[in-house]
Amino acid sequence: HVAIWLKHRWFKRPTKQQRSLVGCCRIGLTSSMQVAILTVCCIVVAASPLRIVGRHRSWPDGHVDFDHPGVKIVARVTGAASVSAVMSKVGSIENVFVVYCDGVAQAGSRPKATFSTKLWTEGTKQSVPLCSGLDANAEHDIVIFKSTEAKWNDIKPTPNHVSFYEIVGLGMRLL
């Protein structure tokens, strides 16, 4: 469900609206005496009520893994007075997030952060409260923003990332 634009040519002919969602990355390819820079642009063609913005890895079961700063999970919801995210972590490094409900940063246990993975057990799914006191009859915009840097400071790097599974709430619908 991904269309790829390679050297100014579209494959699977995405629409103008889909092309506006393009994210590009540059990949360096090396051979014996040459270095080539290849620009690959990917867009998600399948409609999804959740948007993941930033560098991440998607899995067939629908969850995503990420470690880079600035990754955002964006959703529009209705029907619930409170919503939570189901997430987990791999590795021992603490990651910090800021949650925005209808554009307002939510307070948390740390200054300038809504929640942290510090006390999470590795590989265990956690229910993370995101927004409460919502009008269940209105639509609400939710953003989960990773604000910490990726940490690869060991001589032997080991997996260290966060996994996002879903946003949940009693009676909630993703729009």
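Our structure's up above, just so we're on the same page.
Enquirer: I'm lost on unusual backbone geometry in this one. Help?
Expert: As a rule of thumb, non-glycine residues mostly have phi less than zero, and peptide bonds are mostly trans rather than cis. Phi is positive for Asp-102, which is not a glycine, with a value near 50°. You can see Asp-102 is positioned in the loop between strand S10 (96–101) and strand S11 (104–105). A positive phi angle is found at Lys-112, which is not glycine, with a value near 60°. Mapped onto the elements of the fold, Lys-112 is located in the loop between S11 and strand S12 (115–116). On the accessibility criterion, Lys-112 (80% relative accessible area) is exposed.

Enquirer: Whenever I open this one, the state of the cysteines confuses me. Can you help?
Expert: Linking two cysteines covalently through their sulfur atoms gives a disulfide. With the rule as written, the count across this model stands at one disulfide. Each sulfur of the disulfide joining Cys-101 and Cys-131 lies 1.6 Å from the other. Because the torsion about its S-S bond is -85°, the bridge between Cys-101 and Cys-131 counts as left-handed. Residue Cys-101 is located in strand S10, and its partner Cys-131 is located in strand S13 (residues 126–131); the two are separated by 30 residues in the primary sequence.

Enquirer: Any chance you could explain the packing of aromatic side chains here in plain terms?
Expert: Two descriptors summarise a pair of aromatic rings, namely the distance from one centre to the other and the angle between the planes of the rings. The final tally for this structure, using the stated rule, is three aromatic pairs. Seen in terms of ring centroids, Phe-66 and Phe-97 are 6.2 Å apart; in terms of plane orientation they differ by 85°. Their pairing is edge-to-face. Separated by 31 residues along the polypeptide, Phe-66 in strand S7 (residues 64–66) and Phe-97 in strand S10 bring together distant segments of the chain. Residue Phe-66 shares its accessibility class with Phe-97, and that shared class is buried.

Enquirer: Honestly, the pattern of salt bridges in this entry has me stumped. Any pointers?
Expert: Pairing between side chains of opposite charge can happen when the charged atoms of each approach one another. Going through the model one piece at a time under the given rule, you end up with five salt bridges. With a closest N to O distance of 4.0 Å, Asp-67 and Lys-146 form a salt bridge. Here the residue Asp-67 occupies a position in the loop between S7 and strand S8 (72–78), and Lys-146 occupies one in strand S14 (residues 140–146), the gap between them amounting to 79 residues. For Asp-67, a relative accessible area of 8% translates into the label buried. Judged by its relative accessible area of 0%, Lys-146 is buried. The salt bridge partner of Arg-76 is Glu-139, with a shortest N-O separation of 3.0 Å. Here Glu-139 lies in the loop between S13 and S14 and Arg-76 lies in strand S8, a separation of 63 residues in the sequence. A residue is classified by how much of its surface remains accessible, and Glu-139, at 45% relative accessible area, is partly exposed. Through salt bridges that share partners, Arg-76, Glu-139 and Asp-141 make up one connected network.

Enquirer: I keep staring at the environment of Ile-52 and nothing clicks. Help me out?
Expert: Secondary-structure assignment places Ile-52 in strand S5 (residues 50–53). Note on Ile-52: relative accessible area 22%, which makes it partly exposed. Between the C-alpha atom of Ile-52 and that of Val-143, which follows or precedes it by 91 residues, the distance is 9.8 Å. Beyond its immediate sequence surroundings of up to four residues, Ile-52 is in contact with Val-64, Val-71, Lys-72 and Ile-73.

Procedures and definitions
- Residues numbered from 1 in each chain as written.
- Predicted model: local features only at pLDDT ≥ 70, side-chain atom pairs only at ≥ 80, totals over all residues.
- Heavy atoms only, no water.
- Helix = DSSP H or I, 4+ residues; strand = E, 2+ residues; numbered from the N terminus.
- Buried < 20%, exposed > 50% of the residue type's maximum accessible area, 1.4 Å probe, protein only.
- Disulfide = S-S within 2.5 Å.
- Phe/Tyr/Trp six-rings, centres within 6.5 Å; stacked < 30°, edge-to-face > 60°.
- Salt bridge = Lys/Arg side-chain N within 4 Å of Asp/Glu carboxyl O.
- Contact = heavy atoms within 4.5 Å.

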